[in-house]
Amino acid sequence: MKPITFLLCLLSAIVAYSQAPVVSDFTPKIAVVGSSITLTGSGFSNTSTNNIIHFGSVSATVISSSTNSLVVEVPVGSKADKINVLNTVTGLSGQTARNFYPTFDGGARIIPASFLPHQDLAINEGARTVRMVDVDGDGWLDVVSISRQSIGIPGQEISIFRNLGTGGTLSSGSFASKIELNVGLADTGGSGMNDFGFTDLDNDGKPDLYFSLDGNPFGFGGAVC
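How each quantity is defined
Residues numbered from 1 in each chain as written. Predicted model: local features only at pLDDT ≥ 70, side-chain atom pairs only at ≥ 80, totals over all residues. Heavy atoms only, no water. 1 Å grid on protein atoms, 1.4 Å probe; cavity = no way out; pocket = protein on both sides within 12 Å on 5 of 7 lines; lining within 4 Å. Points joined across faces, edges and corners; volume = space filled by probe spheres on them. Helix = DSSP H or I, 4+ residues; strand = E, 2+ residues; numbered from the N terminus. Nonpolar A, V, L, I, M, F, W, Y, C, P; charged D, E, K, R; others polar. Salt bridge = Lys/Arg side-chain N within 4 Å of Asp/Glu carboxyl O. Buried < 20%, exposed > 50% of the residue type's maximum accessible area, 1.4 Å probe, protein only. Pairing = 2+ DSSP bridges. Axes fitted to C-alpha atoms, helices over the stretch in contact; angles between N-to-C directions.

I'd like to hear about the layout of surface pockets, residue by residue, with values.
Considered as a void within the structure, the largest pocket measures approximately 540 Å³ in volume. What lines the largest pocket is a set of 25 residues, among which Gly56, Ser57, Phe198, Thr199 and Asp200 lie closest to the centre. Elements with a contribution of two residues or more to the lining of the largest pocket: β4 (51-55), β8 (83-87), β9 (92-95), β11 (127-133) and β15 (193-199). Here the residues of the lining of the largest pocket are counted per class, giving 8 nonpolar, 10 polar and 7 charged.

Here's what the structure looks like:
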């Protein structure tokens, strides 16, 4: 019976070790950028660097960790969204059941003078959708767009403008030179890129790119960072 008992104990340990992170609660639910919030639950790593946290699409810094608690800093660029936790040891992830809501100091009534002059980014002809996502995981939101060229011309492209993280007032120097991913589809008037998004499909801590095609099922790209 001893070998059987040992085997059962070993199997139980493996199941417990491979438990996906479960976020049962987090406090506070609303906080300013730069402040800390505490996530409670199970399946976390007690080594901070083994936990990858994203507020929506923006990565966050882990201040301290245990198997049942994580203290993280609210990142710049966060918005109302769920918080995702990836344990890189088990390769499993989980997320909060409800959204976290960031607040900002110095808020007031919005008027035209509340905004600085716009900054233009040279996106290709036929731009259809623009997203803000932290593609390279540096904590700064990057600008990503898809564009459809003229009918019959190959070169439907995804353009990425990497945020250099300089902070302060946005200018032409706030973003790196455009990176273009040519999907290689010709717009024949029937099919083409319709929309796109990013999510961590393989739990490696990096956002993967996916896009939909008019009149076709989803097409998937690989990791872009």
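Explain the pattern of salt bridges residue by residue, including any values.
In the structure shown here, the tally under the stated rule is 3 salt bridges. We note a salt bridge from Lys29 to Asp25, for which the minimum N-O separation is 2.9 Å. On the accessibility criterion, Lys29 (23% relative accessible area) is partly exposed. For Glu180, the salt bridge goes to Lys178, with nearest N and O atoms at 3.0 Å.

Residues and numbers for the sheet that holds strand β3 (residues 36-42), please.
Read across the open sheet, the 4 strands follow the order β1-β3-β7-β6; overall the sheet is antiparallel. Pairing within the sheet leaves two strands with one partner each, and these edge strands are β1 (22-27) and β6 (62-65). The sheet shows a mean angle of 25 degrees between the axes of neighbouring strands, direction not considered. With 3 bridges connecting them, β6 and strand β7 (residues 69-73) associate as antiparallel partners. Along β7, the bridge assignment pairs Val62 with Val72.

Tell me what's going on with the environment of Leu181, and back it up with residues and numbers.
Its location among the elements puts Leu181 in strand β14 (residues 179-182). When the C-alpha positions of Leu181 and Glu157 are compared, they lie 5.5 Å apart, and in sequence the two are 24 residues distant.

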